[in-house]
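Examining the three-dimensional arrangement
Listed here are the chains, written in short residue letters.
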Amino acid sequence: MAPIVVSSATTLTAASSSRSFSSSLLFTTLRSSTALRVSFAVSPFCSSRDRFMARMLAPDTLGLTLPANVEAPKILFAAKDIDVTEWKGDMLALDSQLGGLLAEVSSEEDFTGKTGQSTVLRLPGLGSKRVGLIGLGQSASTTAAFRGLGEAVGAAAKAAQASDVAVALASFEGLSAESKLNTATAIASGTVLGLYEDNRYRSESKKPALKSVDILGLGAGPDLEKKLKQAEDVSSAVIFGRELVNSPANVLTPAVLAEEASKIASLYGDVFSATILNAEQCKELKMGSYLGVAAASANPPHFIHLRYTPPSGPAKVKLALVGKGLTFDSGGYNIKTGPICSIELMKFDMGGSAAVLGAAKAIGLIKPPGVEVHFIVAACENMISGTGMRPGDIVTASNGKTIEVNNTDAEGRLTLADALVYACNQGVEKIVDLATLTGACRVALGLSIAGVFTPSDDLAKEVLAASEVSGEKLWRMPLEEGYWESMKSGVADMVNTGDRPGGAITAALFLKQKEGFFFP
């Protein structure tokens, strides 16, 4: 059976900030509230056993740079089913218990509770304790909104060097039991991500002071405990992905990316196996499209294939996650020039692979039943040399199709073509391809929304529903078949770039194609 495919344009970046003053904080939000009674420890940078990026396999890196082994801070999350006035730590009560003092102060600070608004206050007569007000807007109810709240809490706690924080919603009316679970876990994961700062490449850095976070009024019990543990696992995986993206190209070479993948398989050896193909093995599989991109680099390509099998019971569904893995993209002979090309940021061009390997880590931790997942990355660099691919060259993909290279800076689709053929050969039913594929998609949708391309309405619904749960922003884009006319070659089966207008669509059509060149 032919697999159903969805492609998504993605990027991963890490956010950080630093200010310091000492205190503990209470964060109240102008929205809803509910309750919990469970606790767990979260390591935003992963534990020493779980840290994948602590030691890279690059002793002779350009510039002699290696990431520092940053000690993982521990955060104790406690979900408490108590009234805010009963909390005996450093939290301050809400304005109804303070005789309207909070309302008066927030009015003086011009705080109206709009989305993105925040202020941290120290109230007279209460020692060093502070109250943080964070706005959620009039009708915040999404995972993204509450995760954003958590991120704001983490960032403010880091800036204030607070060690103990409590989070309470100003109102919890209308929240179902399921919504309470999702809200609590979104706040917890957001707090971890908001606290995160990548200091591996700084000679000096401050350790976060935050030790504990109490979430008040959002439920209790084993279901919540399970959800919070899953939030811990996913947050750890997200940070792993961010660290991959943040690593400079002189450190994170294709070989090092492959080693990071191998570490996942080793750490979760009960459910993972790894296959890493070198250039000669890729040549045996006739991956000419992928190898053409890699040909100019002194760092050889590494084709990564991780396979997850459930720890018990049969796999009812087989999936593949394919990620673009250009650890650096110079553009090749069509070199990136000018300020809008951002060549200095092209270490980010492996964002798709970082998302895929981050997902692999999360799945290794969670171990979902009934599903087999293949994680595939064609890792390489797109450089310039006498051995490199030239404009006008014709490369042959592993399915026999020929491609005239009219732009060496449209290299991601060439690597993904062979990766998708390989994925299809694994007998999977559905494929999700993630890639920083075109600047055109960023022009169309901005920096915070990923474009989704798929001919399958059912798969599109599944992916968009998943994005709602995870708090991601996706938008389905059209696959206009008429645009394929600009992709036809006079000497080969196709060219690798079409007309400039609709560039994101023609990139997706190159990988989709009604003739089924790379997948049906």
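Reading the values: rules and limits
- All residue numbers here refer to positions counted from 1 along the written sequence of the relevant chain.
- Since the coordinates come from a predicted model, pLDDT governs what is reported: local features require at least 70, and pairs of side-chain atoms require 80 or more to be given and counted, while whole-chain, interface and lining totals use all residues.
- Side-chain numbers here rest on the full set of heavy atoms in the structure, without hydrogens or water.
- A run of H or I in DSSP becomes a helix once it reaches four residues, and a run of E becomes a strand once it reaches two; helices and strands are each numbered from the N terminus.
- Burial classes follow relative accessibility: with a 1.4 Å probe on protein chains only, a residue under 20% of its type's maximum area counts as buried, one over 50% as exposed, and anything between as partly exposed.
- In this description, contact between two residues means that some pair of their heavy atoms is separated by no more than 4.5 Å.
- The method behind every accessible area is Shrake-Rupley, applied with a 1.4 Å probe, and residues are considered shielded solely by the protein chains displayed.
- By convention a nonpolar core is built from buried Ala, Val, Leu, Ile, Met, Phe, Trp, Tyr and Cys residues, the set being connected through side-chain atoms within 4.5 Å.
- At least two DSSP bridges between two strands are required for those strands to pair.
- Salt bridge, as used here, is a side-chain nitrogen of Lys or Arg placed within 4 Å of a carboxyl oxygen of Asp or Glu.
- UniProt positions are given in the numbering used here, feature names are shortened, and annotations may be inferred rather than shown by experiment.
- For a helix, the expected span equals 1.5 Å multiplied by the number of residues minus one.
- The directions from the helix axis to the C-beta atoms form the arc being described.
- Stacked, tilted and edge-to-face are the three classes applied to pairs of Phe, Tyr and Trp rings, where Trp contributes its six-membered ring and a pair requires centres within 6.5 Å; stacked means planes under 30 degrees apart, edge-to-face means over 60, and tilted covers the rest.
- Pairs of N or O atoms are called polar contacts if they sit within 3.5 Å, as long as, within protein, a hydrogen donor faces a hydrogen acceptor (for residues adjacent in sequence, only side-chain-to-side-chain pairs).
- Structural elements are reduced to axes, namely lines fitted to C-alpha atoms, with helices fitted over the stretch in contact, and the angle between N-to-C directions of any two is expressed from 0 to 180 degrees.
- In these notes the angle categories are as follows: under 35 degrees is roughly parallel, over 145 is roughly antiparallel, 65 to 115 is roughly perpendicular, and the rest is oblique.
- By the definition used in this description, the sense in which the near helix is turned from the far one sets the handedness, with an anticlockwise turn below a right angle giving left-handed and a clockwise turn giving right-handed.
- Crossovers are marked right-handed if the path from the first strand over the helix to the second runs clockwise, as seen with the strands pointing away from the viewer.

**Re the overall build of the protein**
Assigned secondary structure in the protein consists of 12 helices and 18 strands. Going through the 520 residues of the protein one by one, you find that 53% of them count as buried. Pairs at least 24 apart in sequence give 80% of the contacts found in the protein among residues at least 6 apart. Accessible surface, the protein: about 22,200 Å² in total, of which carbon and sulfur atoms supply 52%.

**Notes on the nonpolar core**
One finds Tyr290, Phe303, Val322, Leu414, Ile431 and Phe510 to be the most contacted residues of the largest nonpolar core, which totals 44 residues. Only α7 (288–294), β11 (317–329), β12 (371–382), α9 (412–424), β15 (430–435), α10 (439–445) and α12 (503–512) provide two or more residues apiece to this core. Here this core takes seven residues from α9, the largest share from any one element. Every residue in contact with Leu414, bar those within four places of it in the chain, is listed here: Ser289, Tyr290, Val293, Met389, Val395, Ile403, Val405, Asn496 and Phe510.

**A short note on the sheet that holds strand β18 (residues 494–495)**
Hydrogen bonding along the main chain pairs the strands of a sheet, whether they run parallel or antiparallel. The three strands lie next to each other as β13-β14-β18, forming an open sheet whose pairing is mixed. Two strands bound the open sheet, and with one partner strand each, they are β13 (394–396) and β18. Summarising the sheet, β13 and strand β14 (residues 402–404) pair through three bridges and their orientation is antiparallel. Bridge pairing in β14 links Ile394 to Glu404.

**So, the pattern of salt bridges**
A complete count under the given rule lists 16 salt bridges for this structure. Taking the shortest distance from any N to any O, the salt bridge between Lys336 and Asp409 comes out at 3.0 Å. Taken together, the residues span a long stretch of sequence, with Lys336 in the loop between β11 and α8 (351–366) and Asp409 in the loop between β14 and α9 at a distance of 73 residues. Looking at Asp409, the relative accessible area reads 25%, which means it is partly exposed. Several salt bridges share partner residues, and in doing so they unite Asp198, Arg200 and Glu243 into one network.

**Some details on the UniProt feature "domain: Cytosol aminopeptidase" (unreviewed entry) in the protein**
Within the UniProt annotation, "domain: Cytosol aminopeptidase" (unreviewed entry) is assigned to residues 407–414. Secondary structure content for residues 407–414 is 38% helix and 0% strand, while the C-alpha to C-alpha distance between its ends is 11 Å.

**Looking at α9**
Given 3.6 residues to a turn, an α-helix orients residues that are three or four positions apart in the same direction. Here α9 contains 13 residues, and its C-alpha end-to-end distance of 18 Å stays within 8% of the 18 Å for a straight helix at 1.5 Å per residue. Most of α9 sits out of view: 12 of its 13 residues are buried. Buried within α9 we find Gly412, Arg413, Leu414, Thr415, Leu416, Ala417, Asp418, Ala419, Leu420, Val421, Tyr422 and Ala423.

**Quick look at the pairing of strand β16 (residues 450–453)**
Here β16 shows no split at all, with Ala450 and Val452 on one side and Gly451 and Phe453 on the other all buried. Across three bridges, the pairing between β16 and strand β17 (residues 474–476) is parallel. Across the sheet, Ala450 pairs through a bridge with Leu474, a residue of β17.

**Here we look at the environment of Glu232**
Positionally, Glu232 belongs in helix α4 (residues 222–246). Owing to a relative accessible area of 18%, Glu232 belongs among the buried residues under this scheme.

**Focus on helix α11 (residues 457–470)**
Here α11 spans 20 Å end to end across 14 residues, near enough to the 20 Å set by a 1.5 Å rise per residue. Of the positions making up α11, those classed as buried are Leu459, Ala460, Val463 and Ser467. Buried residues of α11 fall within an arc of 105° about the axis and therefore sit on the same side. Counted as exposed and oriented over 90 degrees from the buried face of α11: Asp458, Lys461, Glu468 and Val469.

**With respect to unusual backbone geometry**
Its identity is not glycine, yet Lys286 carries a phi of approximately 65°, on the positive side. Look at Lys286 and you get exposed, because its relative accessible area is 60%. Phi is positive for Lys367, close to 55°, though the residue is something other than glycine. In this fold, Lys367 is placed in the loop between α8 and β12.

**Here we look at the packing of aromatic side chains**
Using the criterion set out here, one finds four aromatic pairs in the structure. Both rings, one in Phe272 and one in Phe375, keep their centres 5.7 Å apart while their planes meet at 45°; by these two values the pair is tilted. One end of the pair, Phe272, is in strand β9 (residues 272–277); the other, Phe375, is in strand β12, and 103 residues separate them in sequence. Relative accessible area serves as the criterion here: at 1%, Phe375 is assigned to the buried category. One aromatic cluster is present, formed by Phe272, Tyr308 and Phe375 through successive ring pairs.

**Details of the side chain of Thr497**
Here Thr497 lies in the loop between β18 and α12. Classification of Thr497 by relative accessible area gives buried; the value is 16%. A distance of 2.6 Å separates polar atoms of two side chains, one belonging to Thr497 and the other to Asn406. Sequence-distant contacts of Thr497, defined by excluding residues within four places in its chain, comprise Asn406, Asn407, Ala410, Arg413, Ser486 and Met487.

**Thoughts on the packing of α9 against α12**
Axis separation between α9 and α12 bottoms out at 10 Å; the angle between their running directions is 30°. Judged by the inter-axis angle, α9 sits roughly parallel to α12. Regarding α9 and α12, the two cross each other, and that crossing is right-handed. Within the contact between the two elements, α9 uses Arg413, Leu414, Leu416, Ala417 and Leu420 and α12 uses Ala507, Phe510 and Leu511.

**What to know about the pairing of β12**
In terms of burial, β12 is a largely internal element, 12 of the 12 residues being buried. What you see with β12 is no split at all: Val371, Val373, Phe375, Val377, Ala379 and Glu381 on one side and Glu372, His374, Ile376, Ala378, Cys380 and Asn382 on the other are buried throughout. The pairing of strand β10 (residues 302–308) with β12 spans seven bridges and is classified as antiparallel. Bridge assignment links His305 to a residue of β12, and that residue is Ile376. In the sheet, β11 pairs with β12 via 12 bridges, with the strands oriented parallel. By the bridge assignment for β12, Leu321 is matched with Phe375. The handedness of the β11 to β12 crossover, carried by α8, is right-handed.

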